[in-house]
Amino acid sequence: MATAPPAVPLSPLEPAQSNRYLLSKRHKKAAQDLARKGYHHGNLKEALVEAAIALIEEKGPTGFTMAEAAKRANVSAAAPYRHFSGREEIIAEIARQGFGIFADLMEFAYQKGQPSALSAFESTGRAYLAFARKYPGYYIAMFESGVQINANADLATVANRAMNVLTQAADDLCRHLPADKRPPASMISHHVWALCHGMVELFARGEPGTRSPFSAEDLLESSMGIYLRGLGVLDKD
């Protein structure tokens, strides 16, 4: 069996590496200022989105009302309904935007790891953790709000784009195996997606992660190594 390239340590993406696709500090500050100032020159929708993101981070996806979002954006209680039918719709818009940022970061991480298939695959795992830490409001809207992804065509499209990057990375990683011993790339990508999600929920965002003797990156690296060796994708030491 061919030996895959040596693994690289899993560490958070440095800001300089992720700024190409993540919102810059300047852009984010401008958006937050917009939410504080409210509706000006047709920016009501984005002001409401930014206000809702802040409320999600503070209170959770079901802990705020449209009236609170309007107040945070400094607009009338009726103003949000010019763009959104209710809280579920504004959360869906936040999730759509979040998946767009997430997919861009995953694509950047995948390209950054080239030409090593293993490095590219591991890099997408780091990207998952980095996104969850940097954008908790988006992450909560995407994965913890109960948003119906397949009920919204635009949302489903951008969500699938992120998964497709991980599936492509998995396919690259398995390509050296004989066809009859090659596990389905989509199976690997879904397993690793679940693994990354578990690391985020348990160890990357506050408690109980702060009590763990190992970083989320270290746990993810070791877990992925065990999983891939068990599948025969990597040679056993």
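Note that the structure is predicted; figures quoted are calculated from it, not measured.

> Requested: an account of helix α3 (residues 44–59), with residues and values cited.
Between the first and last C-alpha of α3 there are 22 Å, a value that for 16 residues agrees with the 22 Å anticipated at 1.5 Å per step. Buried residues of α3: Leu 44, Ala 47, Leu 48, Val 49, Glu 50, Ala 51, Ala 52, Ile 53, Leu 55 and Ile 56, and no others. Looking one or two residues past α3, Gly 60 carries a phi angle of roughly 90°, positive in sign.

> Can you tell me about the environment of Ala 216, naming the residues and giving the values?
Following the sequence through the fold, Ala 216 ends up in helix α10 (residues 216–231). Between the alpha carbons of Ala 216 and Arg 126 there is a distance of 9.4 Å; along the sequence they are 90 residues apart. If we ignore the near neighbours within four places in the chain, the residues touching Ala 216 are Leu 129, Arg 133, Phe 203 and Ala 204.

> Any chance you could break down helix α8 (residues 153–174) for me, citing the residues and the numbers?
Here α8 contains 22 residues, and its C-alpha end-to-end distance of 31 Å stays within 8% of the 32 Å for a straight helix at 1.5 Å per residue. Two to three positions downstream of the cap, the backbone nitrogen of Asp 154 sits 3.1 Å from a side-chain oxygen, assigning the N-cap of α8 to Asn 152.

> Explain unusual backbone geometry to me, and be specific about the residues and the numbers.
Between Gln 114 and the following residue, Pro 115, the backbone shows a cis peptide bond with an omega angle of 10°. Within the secondary structure, Pro 115 sits in the loop between α5 (87–112) and α6 (117–134). Not every positive phi belongs to a glycine, and Asn 74 is a case in point at roughly 65°. On the basis of relative accessibility, which here comes to 53%, the residue Asn 74 falls in the exposed class.

> Describe the pattern of salt bridges, with residues and values.
Summed over the entire model, instances satisfying the criterion amount to 8 salt bridges. The shortest N-O distance in the salt bridge between Glu 217 and Arg 133 comes to 2.4 Å. Placement of the pair is Glu 217 in helix α10 and Arg 133 in helix α6, with a sequence separation of 84 residues. By relative accessible area, which is 37% here, Arg 133 ends up partly exposed. Between Arg 175 and Asp 171 there is a salt bridge; the shortest N-O distance is 2.6 Å. Taking relative accessible area as the criterion, Arg 175 reaches 49% and is therefore assigned partly exposed. Given the relative accessible area of 29%, Asp 171 is considered partly exposed. One connected set of salt bridges, linked through shared partners, spans Asp 104, Glu 107 and Arg 161.

> Describe in detail the packing of helix α9 (residues 185–204) against α10, supporting the description with residues and values.
Viewed as axis vectors pointing N to C, α9 and α10 meet at an angle of 155°, and their least axial separation amounts to 10 Å. The orientation of α9 with respect to α10, classified from their angle, is roughly antiparallel. Every pair of crossing elements has a handedness; the one defined by α9 and α10 is right-handed. Two secondary-structure elements touch here, α9 through Met 187, Ile 188, His 191, Val 192, Leu 195, Cys 196, Met 199, Phe 203 and Ala 204 and α10 through Ala 216, Leu 219, Leu 220, Ser 223, Met 224, Tyr 227, Leu 228 and Leu 231. Its residues assigned to classes, the contact of α9 with α10 comprises 15 nonpolar, 2 polar and no charged.

> Could you give an account of the packing of aromatic side chains, with specific residues and numbers?
Each aromatic ring pair is characterised by the separation of its centres together with the angle its planes make. This model, assessed by the stated rule, comprises 13 aromatic pairs. For the pair Tyr 128 and Tyr 139, a centre-to-centre distance of 6.4 Å together with 75° between the ring planes defines the contact as edge-to-face. Here Tyr 128, found in helix α6, pairs with Tyr 139, found in helix α7 (residues 136–143); they are 11 residues apart in sequence, far enough to count as distant. Across the pair, exposure class does not vary: Tyr 128 and Tyr 139 are buried alike. Ring geometry for Phe 143 versus Trp 193: centroids 6.2 Å apart, planes at 70°, classification edge-to-face. Of this pair, Phe 143 sits in helix α7 while Trp 193 sits in helix α9, and the two are 50 residues apart along the sequence. Classification of Trp 193 as buried rests on a relative accessible area of 13%. Joined through ring pairs, the aromatic side chains of Phe 99, Phe 102, Tyr 128, Phe 131, Tyr 135, Tyr 138, Tyr 139, Phe 143 and Trp 193 make up one cluster.

Reading the values: rules and limits
Residues numbered from 1 in each chain as written. Predicted model: local features only at pLDDT ≥ 70, side-chain atom pairs only at ≥ 80, totals over all residues. Heavy atoms only, no water. Helix = DSSP H or I, 4+ residues; strand = E, 2+ residues; numbered from the N terminus. Expected span 1.5 Å × (residues − 1). Buried < 20%, exposed > 50% of the residue type's maximum accessible area, 1.4 Å probe, protein only. Contact = heavy atoms within 4.5 Å. Polar contact = N/O pair within 3.5 Å; in protein donor to acceptor, adjacent residues only side chain to side chain. Salt bridge = Lys/Arg side-chain N within 4 Å of Asp/Glu carboxyl O. Axes fitted to C-alpha atoms, helices over the stretch in contact; angles between N-to-C directions. Parallel < 35°, antiparallel > 145°, perpendicular 65-115°, else oblique. Left-handed = near helix turned anticlockwise from the far one by under 90°. Nonpolar A, V, L, I, M, F, W, Y, C, P; charged D, E, K, R; others polar. Phe/Tyr/Trp six-rings, centres within 6.5 Å; stacked < 30°, edge-to-face > 60°.

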